[in-house]
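Each chain, letter by letter, is given below.
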Amino acid sequence: MAVRAVRGAVQLERDEAGHMDEQVSALLTAVLERNGLTTEDLISIWFTATPDLHSDFPAAAARKLGITDVPLICAQELDIEGAMPRVVRVLAHIESDRPRADLAHVYLGAAAALRKDIAQ
């Protein structure tokens, strides 16, 4: 079993805790489903949020989904002029037999513009 990394992102419409929970949950669910993963396959997840998001920790959505025994961490994304606002990104470390090229990186909604080269 190899250690792999899966990326993803979603742009929030507004900075509200309930909305963040909904959108981050949708992102994590899509990452798991599109890669045929269960929570047992997760090693850890890094979350970043742009500096304009203050309402909640993105990792709280993972806990509500039942991802309770996986190390999670949140950090602030760099504050770069002209960057897309209200974005939560994930970097999930997983165990998988899939080749790296077969992994599905998930960019939902407007966030697909961030990585047109790998967004699925």
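As a starting point, this report considers the structure included with it. Going along each chain's sequence as written, the residues are numbered from 1 onward. For this predicted model, a pLDDT threshold of at least 70 governs which residues receive local features, and a threshold of 80 or more governs which side-chain atom pairs are given and counted, while totals over whole chains, interfaces and linings are taken from all residues. Only hydrogens and water are removed before side-chain values are computed, so all heavy atoms of the structure are retained for them.

Focus on the pairing of strand 3 (residues 72–76)
By the bridge criterion, five bridges tie strand 2 (residues 42–49) to strand 3 in an arrangement that is parallel. Within strand 3, the residue paired with Trp46 across the bridge is Ile73. Looking down the strands as they point away from you, a crossover is right-handed if its path from the first strand over the helix to the second goes clockwise. For helices the rule is a DSSP run of H or I covering at least 4 residues; for strands it is a run of E covering at least 2, with both sets numbered from the N terminus onward. Read as a crossover between parallel neighbours, the route from strand 2 over helix 2 (residues 59–64) to strand 3 is right-handed. For two strands to pair, DSSP has to find at least two bridges joining them.

Considering the sheet that holds strand 4 (residues 87–96)
Neighbouring strands of a sheet are bound in pairs by backbone hydrogen bonds; such pairs are parallel or else antiparallel. The strand order across the open sheet built from five strands is 3-2-4-1-5, with neighbouring strands paired in mixed fashion. Strands with a single pairing partner mark the edges of an open sheet, and in this sheet they are strand 3 and strand 5 (106–108). Between one strand axis and the next, the sheet turns by 15° as a mean value, whatever way the strands run. Examined bridge by bridge, strand 1 (residues 2–11) and strand 5 share three bridges and lie parallel to one another. What sits directly across from Ala9, in strand 5, is Tyr107. In what follows, residue pairs with any heavy atoms lying within 4.5 Å of each other are defined as contacts. Fitting a line to C-alpha atoms yields each axis, with helices limited to the stretch in contact; the angle taken between N-to-C directions then spans 0 to 180 degrees. Across the face of the sheet, helix 1 (residues 17–34) comes into contact with strand 1, strand 2, strand 4 and strand 5 while running at roughly 145° to strand 5.

Here we look at the pairing of strand 4
Only protein chains enter the accessibility calculation, which uses a 1.4 Å probe; a residue is then buried when its area is under 20% of its type maximum, exposed when over 50%, and partly exposed in between. Among the 10 residues in strand 4, seven count as buried, and that is most of the element. For strand 2 and strand 4, the ladder comprises seven bridges, and the chain directions are antiparallel. Paired with Trp46 across the two strands is Leu91, which belongs to strand 4.

Topic: the nonpolar core
Among buried residues, those of type Ala, Val, Leu, Ile, Met, Phe, Trp, Tyr and Cys that are joined through side-chain atoms within 4.5 Å constitute a nonpolar core. Leu42, Ile45, Phe47, Leu72 and Val88 are the most contacted members of the largest nonpolar core, which totals 29 residues. Mapped by element, the contributors of at least two residues to this core are strand 1, helix 1, strand 2, helix 2, strand 4 and strand 5. Examining the composition of this core, we find that seven residues originate from one element, helix 1, more than from any other. Those residues in contact with Phe47, other than ones at most four positions away along the chain, are Val24, Leu28, Pro58, Ala59, Ala62, Leu72, Ile73, Cys74, Ala75, Val88, Arg89 and Val90.

Description of the pattern of salt bridges
A side-chain nitrogen of Lys or Arg and a carboxyl oxygen of Asp or Glu constitute a salt bridge if their distance falls within 4 Å. For the structure shown, the criterion picks out four salt bridges. Its salt-bridge partner being Arg14, residue Glu16 comes within 3.0 Å of it at the nearest N-O pair. Since its relative accessible area comes to 41%, Glu16 is described here as partly exposed. Taking the shortest distance from any N to any O, the salt bridge between Arg89 and Glu77 comes out at 3.7 Å. Placement of Arg89 in strand 4 and of Glu77 in the loop between strand 3 and strand 4 is noted, with a sequence separation of 12 residues between them. Residue Arg89 is classed as buried on the basis of its relative accessible area of 18%. Salt bridges here are not isolated pairs; linked through shared partners, they connect Glu13, Arg14 and Glu16.

Don't take any of this as a statement about function, it's just geometry.
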